[in-house]
Amino acid sequence: MALLNIKNLTVKFATATGSFTAVDGIDVHVDRGEVLAIVGESGSGKSVSMLAVMGLLPDTATITADEMTYDGRDISDLSATERRHLIGREITMIFQEPVASLNPSFTVGFQIEEVLRLNLGLSRHEARTRALDLFRAVGIPDPETKIDAYPHQMSGGQCQRVMIAIAIASNPRLLIADEPTTALDVTIQKQILDLLMKLQEDFGMALILITHDMGVVAETADRVVVQYQGKKMEEADVLSLFEAPQSPYTRALLSALPEHATGDRLPTVSDFFSQEVAR
Amino acid sequence: MTATSLAPVVEGRGIVQDYAVPGSLFARAGKVRALNGIDFAVDKGKTLAIVGESGSGKSTLARIIALIDAPSGGELRIDDHPVDIARKRPGPALRSKVQMVFQNPYGSLNPRQKIGNVLMEPLVINTDMPASERRDRAEAMIKKVGLQPEHFNRYPHMFSGGQRQRIAIARALMLNPSLLVLDEPVSALDLSVQAQVLNLLADLQDEFDLTYVFVSHDLSVVRYIADEVMVISKGEAVEQGSREALFADPQHPYTRALFAATPVTDVAAIRARVERRKAARAG
Ligand SMILES: Nc1ncnc2c1ncn2[C@@H]1O[C@H](COP(=O)(O)OP(=O)(O)OP(=O)(O)O)[C@@H](O)[C@H]1O
Ligand SMILES: Nc1ncnc2c1ncn2[C@@H]1O[C@H](COP(=O)(O)OP(=O)(O)OP(=O)(O)O)[C@@H](O)[C@H]1O
Ligand SMILES: [Mg+2]
Ligand SMILES: [Mg+2]
């Protein structure tokens, strides 16, 4: 049985110019211990579909789904208490914009220690020790000093790693990571991905990884979903996807890998489509 | 060509930045030196890429070059004139000449302002352009960065991460700046939209001789956009030179580590990893 199972998810927003469909009948499922990568163009509904699962969309959103279950339980209309027990504890999320999702008025140490005290029942002292361990694990330099810093006193990549530390602090069973390494160079990206894969292997954590980076997909995913304009284009295990991509959009994504760039212009997906048509 | 046109558009001499840090159980309150004497110069129509590990001081330097923060030491020169914003606030001419795209687009957008107004506001403040022309220009810019006309009346929170990043770029371009400082401007974009934005920046540079300072941690982006590259580590420039030289023969261990850690996407490597995982699960 899938840990998370979502069928025919649709999300519509009420906007000034009428209703806008951001997610159009998407299915997502992930098993225990599995890494699912979601890739797709900017604005294709990757973040919105996961925020719908977390119950974090604004009131202007209308969410419908044929099924939305976690561990066999319906999560489409949890009470506030049930949701608090689940979200942030069993299911956690690394948000796409780390600086915006940290509270500017509290030190980063306070923010992670609060999660540790509330979710794991640690004492103040234990929480600080564990927070420092987590900061070291995600490679924040000089953690003893940084733990007392406010978000604006940290660099973009450091804030991103604080978010990652907070998301893994309560040993979640499902981690949804939305572009978790965008602010990080490949060396630190590797350290973070290794850390997530280790958690995943040691505790059987399920991981949904939203990314635009096909290199990250190649190095982490078991299964891949490709989204384009709010719809699923393709779903395949990682090897098949790279070996024999089925949808034109996936082929375009792979051909746009920088190592395939020729000449002094970078190819866009529409360039690729017009080439395919011309062929 | 006149003599002045040979001077760099922007130049830094011994730029230093200190930040106050909080005290803690373990350390007394004090100062950290985020930049320790950086020298650089960028010629007109060229792109300087700044590369370096997280926390090395890239955004700190970008904010100084874009006249957002005053450095604690050193001299910043724009068009061969010293600029010290701690002593004299930059006037409107200088303000519109130098624009910045921030690393964190959400934080730099007013949540209560519709995107159309975000784009038109710089024109209202800095020009006497009629309203209809302001609107035309904003709509054209929305299209150029790959967004739709119906986005004009939406608020920042109604956009995806990559869309917000493009709004930040569009806003910075509205005033036709001659020096544009971009801090990780394409990090949240899929390759196709990234290509569209980088192509746009390259076109604008060709057409208007724009000068760019471009912070990025992505070597494939740097290879495409940069003329010169500066690698910083712990607040010091540890490697500086032409793009060709850097890619042909990287010198600093950090630069080499970057090349070595670039993820591989070839099928053989993926197959090996998939098999390793299967074995680990079985065992
Ligand atoms: N509150 C909202 N009101 C109206 N439209 C919205 C709202 N939030 C998101 N959208 C729209 O929904 C679509 C999907 O957004 P989403 O954030 O899921 O994209 P994404 O796939 O995560 O893209 P990116 O890769 O750029 O982060 C976008 O077109 C966006 O403009
Ligand atoms: N306002 C501040 N107060 C104290 N320290 C700061 C402040 N802003 C930045 N720092 C520190 O200065 C150092 C350099 O930060 P900067 O933001 O320039 O790094 P960066 O190279 O842009 O990193 P990233 O790639 O992660 O964005 C970091 O260690 C950061 O924690
Ligand atoms: Mg997103
Ligand atoms: Mg930065």
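All values reported here derive from a predicted model rather than from experimental measurement.

So, about the coordination of the magnesium ion (ligand 3). Donor atoms from the polypeptide that bind the magnesium ion (ligand 3) are A:Ser47 (OG) and A:Gln96 (OE1), placed at 2.0 to 2.2 Å. With A:Ser47 in helix H1 (residues 46-54) and A:Gln96 in the loop between strand E7 (91-94) and helix H3 (98-101), this pair connects stretches of sequence that are 49 residues apart.

Our next topic: the interface of chain B and chain A. Counting from both sides, the interface comprises 51 residues of chain B and, opposite them, 61 residues of chain A. Counting the surface lost from both chain B and chain A, the interface buries some 4,600 Å², and carbon and sulfur atoms represent 57% of this. Across the pair A:Asp222 and B:Arg277 runs a salt bridge, and its minimum N-O distance is 2.9 Å. Summed over the shared surface of chain B and chain A, the number is 19 residue pairs in polar contact (both at pLDDT 80 or more). Broken down by secondary-structure element, the contributors of at least two residues to the side of chain B that touches chain A are helix H5 (161-173), helix H6 (191-208), helix H7 (219-225), helix H9 (253-261) and helix H10 (267-282) of chain B. Across the side of chain B that touches chain A, the residue classes tally to 21 nonpolar, 19 polar and eleven charged.

Moving on, we come to empty space enclosed by the protein. Over the atoms rolls a probe the size of a water molecule, and its path tells where empty space is left. Summed over all chains, the structure comprises three cavities of 30 Å³ or more. What the largest cavity holds in volume is close to 230 Å³. Taken together, 17 residues form the lining of the largest cavity, with A:Gln96, A:Glu97, A:Pro98, B:Gln103 and B:Pro105 sitting closest to its centre. For the lining of the largest cavity, the elements supplying multiple residues, two or more each, are H3 and helix H7 (156-168) of chain A together with H5 of chain B. The dominant element in the lining of the largest cavity, judged by the number of residues it contributes, is H3(A), at three residues. Looking at side-chain class alone, the lining of the largest cavity contains six nonpolar, nine polar and two charged residues.

It is worth spelling out the packing of aromatic side chains at this point. According to the stated counting rule, one finds three aromatic pairs over all chains in the structure shown. Where A:Phe106 meets A:Phe110, the ring centres are 4.9 Å apart and the plane angle is 20 degrees; that geometry is what we call stacked. Ring plane angle 20 degrees and centroid distance 4.3 Å describe the contact between A:Tyr228 and A:Tyr249, whose orientation is recorded as stacked. One end of the pair, A:Tyr228, is in strand E10 (residues 223-228); the other, A:Tyr249, is in helix H11 (residues 248-255), and 21 residues separate them in sequence. The burial state of A:Tyr228 is the same as that of A:Tyr249; both residues are buried. B:Arg135 extends its terminal NZ or CZ atom over the ring of B:Phe152, reaching a point 4.1 Å from the ring centre.

Let us now look at the site of ligand 2. With respect to spatial proximity, 20 residues lie near ligand 2, and among them A:Ser155, A:Gly157, B:Ser54, B:Lys58 and B:Thr60 are the closest. One of the backbone N or O atoms of A:Gln153 is found 3.1 Å from an oxygen atom in ligand 2. Side-chain polar atom of A:Ser155 to an oxygen atom of ligand 2: 2.6 Å apart, as the coordinates give it. Starting from 650 Å² of accessible surface for ligand 2 in isolation, the protein chains cover 89%. Contributions of two or more residues to the shell around ligand 2 are made by H7 of chain A together with strand E1 (10-21) and helix H1 (58-65) of chain B. Of the residues assigned to the shell around ligand 2, the class counts are four nonpolar, 13 polar and three charged.

Attention now goes to the coordination of the magnesium ion (ligand 4). All names here are of chain B. In this structure, Ser 59 (OG) and Gln 103 (OE1) serve as the protein donors to the magnesium ion (ligand 4), at separations of 2.0 to 2.2 Å. Highlighted residues: Ser 59 in helix H1 and Gln 103 in the loop between strand E6 (98-101) and helix H3 (115-126), separated in sequence by 44 residues. Residue classification places Gln 103 among the partly exposed positions, given a relative accessible area of 22%.

Another aspect to go through is the nonpolar core. In terms of nonpolar packing, the biggest core is built from 42 residues, with B:Leu198 and B:Leu201 touching the most fellow members. Taken together, the elements giving at least two residues each to this core come down to H3, helix H4 (131-144), H5, strand E7 (179-183), H6, strand E8 (211-215) and H7 of chain B. If near-sequence neighbours (up to four positions away) are discounted, B:Leu198 is found in contact with A:Leu266, B:Val186, B:Phe214, B:Val221, B:Tyr224 and B:Ile225. A:Phe135, A:Ala177, A:Leu196 and A:Leu207 belong to the second largest nonpolar core, which has 39 residues in total.

What UniProt calls "domain: ABC transporter" (unreviewed entry) maps, in this numbering, to residues 4-254 of chain A. Within residues 4-254 of chain A, the helical portion is 41% and the strand portion 27%, while the C-alpha atoms at the span's ends are 28 Å from each other.

All names here are of chain A. Here we have six strands laid out as an open sheet, ordered E7-E8-E9-E3-E10-E11, and mixed in their pairing. Either end of the sheet is taken by a strand with one partner, and the two such strands are E7 and strand E11 (231-237). Mean inter-strand twist for the sheet, computed between neighbouring axes without regard to direction, equals 15 degrees. In terms of strand pairing, strand E3 (residues 35-40) meets strand E9 (residues 206-210) through four bridges, oriented parallel. Of the residues in E9, the one forming a bridge with Val 35 is Leu 207. Together, E3, E7, strand E8 (174-178), E9 and E10 form the strand contacts of H1, whose direction differs from that of E7 by roughly 150 degrees.

Further remarks concern H4(B). Residue and element names in this part refer to chain B. Under the 1.5 Å per step criterion, the end-to-end length of H4 is 20 Å for 14 residues, consistent within 8% with the ideal 20 Å. Of all the residues in H4, the buried ones are Arg 134, Ala 138, Met 141 and Ile 142. Along the long axis of H4, the arc covered by the buried residues comes to 105 degrees, so they all point the same way. Seen from the open side of H4, the exposed residues pointing more than 90 degrees away from its buried face are Ser 132 and Lys 143. On its buried side, H4 packs onto H3 and H5.

Looking at chain A, pLDDT values average 89 and 93% of them are 70 or higher. Across chain A, the element-wise mean pLDDT spans from 65 in helix H12 (residues 269-278) of chain A up to 97 in E9(A).

The next point concerns the site of ligand 1. The immediate surroundings of ligand 1 are formed by 22 residues, with A:Ser42, A:Gly43, A:Ser47, B:Ser160 and B:Gln163 found nearest. Near ligand 1, the surrounding residues are drawn from chains A and B. Contacts to ligand 1 include A:Val48, whose backbone N or O atom sits 2.8 Å from an oxygen atom. Within the side chain of B:Ser160, a nitrogen or oxygen atom sits 2.6 Å from an oxygen atom of ligand 1. Tallied by class, the residues present in the shell around ligand 1 amount to seven nonpolar, twelve polar and three charged.

About the criteria used
- Residues numbered from 1 in each chain as written.
- Chains lettered and ligands numbered in written order.
- Predicted model: local features only at pLDDT ≥ 70, side-chain atom pairs only at ≥ 80, totals over all residues.
- Heavy atoms only, no water.
- Donors = N, O, S within 2.8 Å, 3.2 Å for Na, K, Ca; no water.
- Helix = DSSP H or I, 4+ residues; strand = E, 2+ residues; numbered from the N terminus.
- Contact = heavy atoms within 4.5 Å.
- Buried area = accessible area lost by both parts, 1.4 Å probe.
- Salt bridge = Lys/Arg side-chain N within 4 Å of Asp/Glu carboxyl O.
- Polar contact = N/O pair within 3.5 Å; in protein donor to acceptor, adjacent residues only side chain to side chain.
- Nonpolar A, V, L, I, M, F, W, Y, C, P; charged D, E, K, R; others polar.
- 1 Å grid on protein atoms, 1.4 Å probe; cavity = no way out; pocket = protein on both sides within 12 Å on 5 of 7 lines; lining within 4 Å.
- Points joined across faces, edges and corners; volume = space filled by probe spheres on them.
- Phe/Tyr/Trp six-rings, centres within 6.5 Å; stacked < 30°, edge-to-face > 60°.
- Buried < 20%, exposed > 50% of the residue type's maximum accessible area, 1.4 Å probe, protein only.
- Lys NZ or Arg CZ within 6 Å of the ring centre and 35° of its normal.
- Near = heavy atom within 4 Å.
- Areas by Shrake-Rupley, 256 points an atom, 1.4 Å probe, with all protein chains shown as cover.
- Core = buried A, V, L, I, M, F, W, Y, C linked by side-chain atoms within 4.5 Å.
- UniProt positions renumbered as here; feature names shortened; annotations may be inferred.
- Pairing = 2+ DSSP bridges.
- Axes fitted to C-alpha atoms, helices over the stretch in contact; angles between N-to-C directions.
- Expected span 1.5 Å × (residues − 1).
- Arc of directions from axis to C-beta.
- pLDDT = per-residue confidence, 0-100.

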